[in-house]
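Residue-level structural notes
Residues per chain, in single letters:
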Amino acid sequence: MTTLPFALNHMTTPGLPLDAFFALARSLGMTAVEIRNDLTGNAILDGTPAKDVAALAAEHGLTIISINALQRFNEWNDTRTAEAAHLISYARDCGVKALVLVPVNDGSGQADGERQANLKEALSALKPMLDAAGIIGLVEPLGFEICSLRSKTEAVDGIKAVGGETTFRVVHDTFHHHLAGEPAIYPEMTGLVHISGVTDSGMAIADLRDSHRVLVDENDALDNVGQIRRLKAAGYSGPFSFEPFADEVHGVADPAAALKTSMTYIEANT
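Here is a short report on the structure shown in this document. (Residues numbered from 1 in each chain as written. Predicted model: local features only at pLDDT ≥ 70, side-chain atom pairs only at ≥ 80, totals over all residues. Heavy atoms only, no water.)

A word on the overall build of the protein. Across its full length, the protein carries nine helices and eight strands. The C-alpha radius of gyration computed for the protein amounts to 18 Å, which stays within 12% of the reference 18 Å derived for 270 residues, consistent with globular compactness. Taking the principal axes of its C-alpha atoms as reference, the protein extends roughly 45 × 45 × 30 Å. A buried classification covers 51% of the 270 residues belonging to the protein. Nonlocal contacts in the protein, meaning residues at least 24 apart in sequence, comprise 76% of its contacts between residues at least 6 apart. Summed over its atoms, the accessible surface of the protein is roughly 10,900 Å², and 51% of this surface lies on carbon and sulfur atoms. On the protein, the mean spot of the 20 positive side-chain charges and the mean spot of the 35 negative ones are 6 Å from each other. (Helix = DSSP H or I, 4+ residues; strand = E, 2+ residues; numbered from the N terminus. Rg over C-alpha atoms; globule rule 2.2 N^0.38 Å. Buried < 20%, exposed > 50% of the residue type's maximum accessible area, 1.4 Å probe, protein only. Contact = heavy atoms within 4.5 Å. Areas by Shrake-Rupley, 256 points an atom, 1.4 Å probe, with all protein chains shown as cover. Lys, Arg positive; Asp, Glu negative; His and termini not counted. Charge placed at Lys NZ, Arg CZ, Asp CG, Glu CD.)

Structure below.
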């Protein structure tokens, strides 16, 4: 049995206020969390000052490993520039290590040539902004067929094309890795792993959505255990962060017990 460096994304328990979310992570022996900018009524959207978030994390003995996320990052324009500047400064001011970068996911920007050019444009613009703040950019390819960046290979190629190897890393999301059907992994370029399972093995891959993402257990159809084993064997030693989106996880009466069960299962099998 191994002890994995688990982390907790606020999407696991979106209804918990930040203080309770931090306390939950600590109760599970975790020292790393991810906060989000898409949870209504919670930090960051509720206007909580960055310094208050930093103080709360310090009080709980936690490192905030990422803000999740700058959406549509590879559609670079004035709006995106402003959003990026806000999130990067917020991350810097609350001691966050990285900003997750999520690509356009609506069927646009997918043409060969166009998507690579858009990626490089965005990475080139983000690089000096992130470097100035000392923040890592975590590029997260999504496996959905309508996504403009599905491939980790394409993400890594784009990062290298702009000389961004010290500024950017990729996110290996076990759900999206399965959906994308791309066997390649890049442990040396991976800055974060998101883990979630799917238990309805009868569904077509193309029909899977975030709403199907639950905690990993013995019924997992995504081979989280195999993916984690492979990443570890290849040298990845960073955090494995729980990121389930399913309503049944968000509504569980005892999230600590549910998470502990999943952690125990994963550790016993990897």
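A few words now on the packing of aromatic side chains. Applying the stated criterion to the full structure yields four aromatic pairs. Judged by centre distance (6.0 Å) and plane angle (65 degrees), the rings of F144 and F175 are edge-to-face. With a gap of 31 residues between them, F144 in the loop between β5 (136-139) and α5 (152-161) and F175 in helix α6 (residues 174-180) connect regions that are remote in the sequence. Classification of F175 by relative accessible area gives buried; the value is 0%. (Phe/Tyr/Trp six-rings, centres within 6.5 Å; stacked < 30°, edge-to-face > 60°.)

The next point concerns helix α9 (residues 255-269). A rise of 1.5 Å per residue sets the reference length of α9, with its 15 residues, at 21 Å; its end C-alpha atoms lie 21 Å apart and thus fit the reference within 8%. For α9, the complete set of buried residues consists of P255, L259, S262, M263, I266 and E267. Summarising the axial view, the buried residues of α9 lie within an arc of 130 degrees, below the 170-degree limit, and thus occupy one face. (Expected span 1.5 Å × (residues − 1). Arc of directions from axis to C-beta.)

This part covers the pattern of salt bridges. Scanning the model with the defined rule gives 14 salt bridges in all. Between E75 and R80 there is a salt bridge; the shortest N-O distance is 2.9 Å. Residue class for E75 comes out partly exposed when judged on its relative accessible area of 30%. When salt bridges with common partners are traced through the structure, they connect R36, D38, D173, D210, R213 and E243 into a single cluster. (Salt bridge = Lys/Arg side-chain N within 4 Å of Asp/Glu carboxyl O.)

This paragraph deals with the nonpolar core. With 66 residues, the main nonpolar core has F22, F73, L126 and F242 as its most contacted residues. At six residues, the largest contribution of residues to this core is made by helix α4 (residues 114-133). Of all hydrophobic cores here, the second largest spans 18 residues; its members include A69, A98, L138 and V198. (Core = buried A, V, L, I, M, F, W, Y, C linked by side-chain atoms within 4.5 Å.)

The subject of this paragraph is the pairing of β5. As paired strands, strand β4 (residues 98-101) and β5 are joined by four bridges and run parallel to one another. Bridge pairing links L101 to V139 in β5. With α4 bridging β4 and its parallel neighbour β5, the resulting β-α-β unit is right-handed. Where β5 meets strand β6 (residues 168-173), three bridges bridge the pair, whose relative direction is parallel. Across the sheet, residue L138 finds its bridge partner in β6, namely R169. One crossover worth recording links β5 to the parallel β6 by way of α5, and it is right-handed. (Pairing = 2+ DSSP bridges. Right-handed = clockwise from strand over helix to strand, strands pointing away.)

Before going further, it helps to examine unusual backbone geometry. Put simply, A43 and I44 share a cis peptide bond, and its omega is 25 degrees. Residue position: I44 is located in the loop between β2 (32-36) and α2 (50-60). Positive phi outside glycine occurs at R72, with the angle close to 55 degrees. Under the relative-accessibility criterion, R72 is labelled partly exposed at 27%. Of note, D223 is a non-glycine position whose phi angle comes to about 60 degrees, a positive value. D223 gets classed as partly exposed once you look at its relative accessible area, which sits at 46%.

Our next topic: the sheet that holds β2. Around the barrel, which closes on itself, the eight strands sit in the order β1-β2-β3-β4-β5-β6-β7-β8 with parallel pairing between neighbours. Within the sheet, the average angular offset between the axes of one strand and its neighbour, ignoring direction, is 30 degrees. Set on the sheet, α4 makes contact with β3 (63-70), β4, β5 and β6; between it and β6 the angle comes to about 110 degrees. Across the sheet, α5 lies against β5 and β6, angled at about 175 degrees from β6, the strand it touches most. (Axes fitted to C-alpha atoms, helices over the stretch in contact; angles between N-to-C directions.)

By themselves, these are just geometric observations and shouldn't be taken as functional.
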